[in-house]
Amino acid sequence: MPADIAATTPATLAPKGDTDTDVVIIGAGPVGLYGVFQCGMLGMRVTVIDALSEIGGQCTALYPEKPIYDVAGFPDIAAASLIERLEKQAEPFNATYHLSQQVTGLEQLGDTDNTQWRITTSKGLSLTCRAIIIAAGAGAFGPNRPPMAGIENYEGTSVFYAVRRRDDFAGRRVVIAGGGDSAVDWALSLHEVAARITVVHRRDKFRAIPDSVNKMRRLAEDDSLDLVTPYQLHAVDGDGQHLNAVIVKDMEDNERSIPADVLLPFYGLSTDLGPLKAWEMDFERSQIKIDPTTCETTRPSLFAIGDVAHYPGKLKLIVNGFGEAATAAHQAYRYVFPGKTLHFEHSTTKGVPGAA
Ligand code: FAD
C-alpha cells in the first residue's frame, strides 16, 4: 500500500454525517465547476480544491479569449465567459474553494458501508468527506519546456507558454514554435496585432485543423507572416531576460537567427497526475479508468470525470465532461445519504434550491 494511503482503524472514523463536507471535487476546470452545480442540485455540500490560483482549468490558463464552438446552446463562447457562467450557475450552492494548492494525500476512513475519506493538500489543509469527484484534467499541468539553455530566465518576460491577453503582444515580434492547434491558432490570431509573426516547426506538415493551416499558409504567401520549416528551436539570444532573437537550426545544423521580442513555445502540456497515481485506482496511461455508467473508479466512492476519466470511446470534450459530472453526482448521492432513495427530478420541476 503506498505511503500516502493508510486504511485507519474505526476509532478515527467520524460519526455518520459528521464529515467536513459531503463531496470534494479535485479540479476547478469547467467540468469540476459543473460538478459543483450537479452536486448542489442534489443537496450535497461541496468543497473544491485546485492547484491553480484561479478557477477554470485549461479554459482560464490556456485559452481564455478563444471562442469555443461546440458547447451545446452556445454557437460560440469565449472560454473565459464559459467559466464565468459556470461559476454563476454554481453560485447558489455556496461551495468552498481552496485554490493554489495541490491535493496530495488520500486516507480511507471507512468501509464500503460507511465510506469516508480524508484528503490533504500541499498547503496542509485536511478535510473529511464521503465522496470524491476527481476532475483533474491532465493533472496539475505544466508546459513542455523546449531544451534551450537558460530559457527559464526569460520566462514571464519574453517567453510565454500560454496567451492570456493577445493585446500583450501588440506591436511585438513574436516567434511561435510548434505544429499543433495552439501554434497555428495563435499565429492566425496574433498576426492581427503583432509587429511580425514567425512560426517555427520541425516539419513542413502541421497537425492543426487543415482549414487553419491553409489560412496560415495563405498569410505566409502574402508575406503577412513567416513560416520557418523544417527548423527547431536551438537557443535564446538576449540580455538574460529580454530576447533579441531566437536561434533555430535545421536537420543539417544550419543556423538562423530570427529577430524576436517574444517566444511562444507550444509543445503541449506535461500530463503528470502526480500524487493521484498512488491512489490505487486503475489507469489507462495518464487517465483514470471509470465505469462510464457510473463514473466510479475502481475504488468505491472515488469518481473521475472530464479529461482525466477514461473509458472506451472517451472524447475529451467539455460537453462530455458535463454529462459525466451529472452522472457522478447522482451516483455519489448514495454515499453521502446512505439508504436514502434518490428520486430523479428535472431542474424544471424542482428549480434551483437556494437561488433567488
Ligand atoms: P481541466 O480544464 O484540465 O481542469 C483540471 C483542473 O484540475 C486544473 O485546474 C488543475 O490545476 C486541477 N488539478 C489537477 N490535479 C490536481 C491536484 N492534484 N490538486 C489540485 N488541483 C488539481 N474542448 C472542447 O470541448 N471544445 C473546444 O473547442 C476546446 N478547445 C480547446 C482549445 C485548447 C487550446 C485547449 C488546450 C483545450 C481545448 N479543449 C476544448 C479541451 C478542454 O479545455 C478540456 O476538455 C477541458 O478543459 C477539460 O476540463 P476538465 O475540467 O476535465 O479539466
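Basis of the calculations
- Residues numbered from 1 in each chain as written.
- Predicted model: local features only at pLDDT ≥ 70, side-chain atom pairs only at ≥ 80, totals over all residues.
- Heavy atoms only, no water.
- Helix = DSSP H or I, 4+ residues; strand = E, 2+ residues; numbered from the N terminus.
- Expected span 1.5 Å × (residues − 1).
- Buried < 20%, exposed > 50% of the residue type's maximum accessible area, 1.4 Å probe, protein only.
- Arc of directions from axis to C-beta.
- Contact = heavy atoms within 4.5 Å.
- Disulfide = S-S within 2.5 Å.
- Near = heavy atom within 4 Å.
- Polar contact = N/O pair within 3.5 Å; in protein donor to acceptor, adjacent residues only side chain to side chain.
- Nonpolar A, V, L, I, M, F, W, Y, C, P; charged D, E, K, R; others polar.
- Core = buried A, V, L, I, M, F, W, Y, C linked by side-chain atoms within 4.5 Å.
- Axes fitted to C-alpha atoms, helices over the stretch in contact; angles between N-to-C directions.
- Left-handed = near helix turned anticlockwise from the far one by under 90°.

Draft legend 1. Representation of helix α5 (residues 210–221) within the structure. For α5, built from 12 residues, the straight-helix expectation of 16 Å at 1.5 Å per residue is met to within 8% by its first-to-last C-alpha distance of 16 Å. Buried within α5 are the following residues: S212, V213, M216 and L219. Angularly, the buried residues of α5 cover 120° about the axis, an arc narrow enough to put them on a single face. Opposite the packed face of α5, turned more than 90 degrees from it, sit the exposed residues P210 and E221. Where α5 is buried, its residues contact α4 (181–190), β12 (196–200) and β13 (226–228). One or two positions beyond α5, positive phi appears at D223, with a value near 65°.

Draft legend 2. Here's a closer look at the state of the cysteines. Following the criterion strictly, the structure yields 0 disulfides and no others. Here C295 is not disulfide-linked; the sulfur of C39 is the nearest cysteine sulfur, at 11 Å.

Draft legend 3. Fine view of the site of the ligand. Near the ligand there are 30 residues, and of these D50, Q58, Y63, V103 and D307 occur at the shortest range. At a separation of 2.8 Å, a nitrogen atom of the ligand approaches a polar backbone atom of V103. Between D307 and the ligand, the recorded distance is 2.8 Å, taken from a side-chain N or O atom to an oxygen atom. Elements with a contribution of two residues or more to the shell around the ligand: α1 (30–41) and α2 (57–62). Residues that form the shell around the ligand fall into these classes: 16 nonpolar, 10 polar and 4 charged.

Draft legend 4. Main features of unusual backbone geometry. Cis peptide bonds are those with omega within 30 degrees of zero, and the linkage from T229 to P230 qualifies with -15°. Residue position: P230 is located in the loop between β13 and β14 (232–238). Even without a glycine there, the phi angle at R285 is positive, about 50°. When you line up the elements, R285 lands in the loop between β19 (283–284) and β20 (287–289).

Draft legend 5. Local environment of the nonpolar core. Among the nonpolar cores identified, the biggest contains 64 residues, and I26, M44, I119, I132, I134 and W279 are the most heavily contacted of them. With 9 residues, the top contributor of residues to this core is helix α6 (residues 318–336). Leaving out residues up to four positions away in the same chain, I119 has contacts with V24, I26, I49, V103, G105, L106, L125, S126, L127, I132 and W279. A183, I197, L219 and L225 belong to the second-largest nonpolar core, a separate cluster that totals 23 residues.

Draft legend 6. Representation of the packing of α1 against α6 in the model. Closest axis-to-axis distance for the α1/α6 pair is 8 Å, and the angle between their directions is 35°. Once α1 is placed against α6, the crossing between them reads as right-handed. Judged by residue contacts, P30, V31, Y34, G35, Q38 and C39 of α1 engage I318, G321, F322, A325, A326, A329 and H330 from α6. For the contact of α1 with α6, the per-class residue count stands at 9 nonpolar, 4 polar and no charged.

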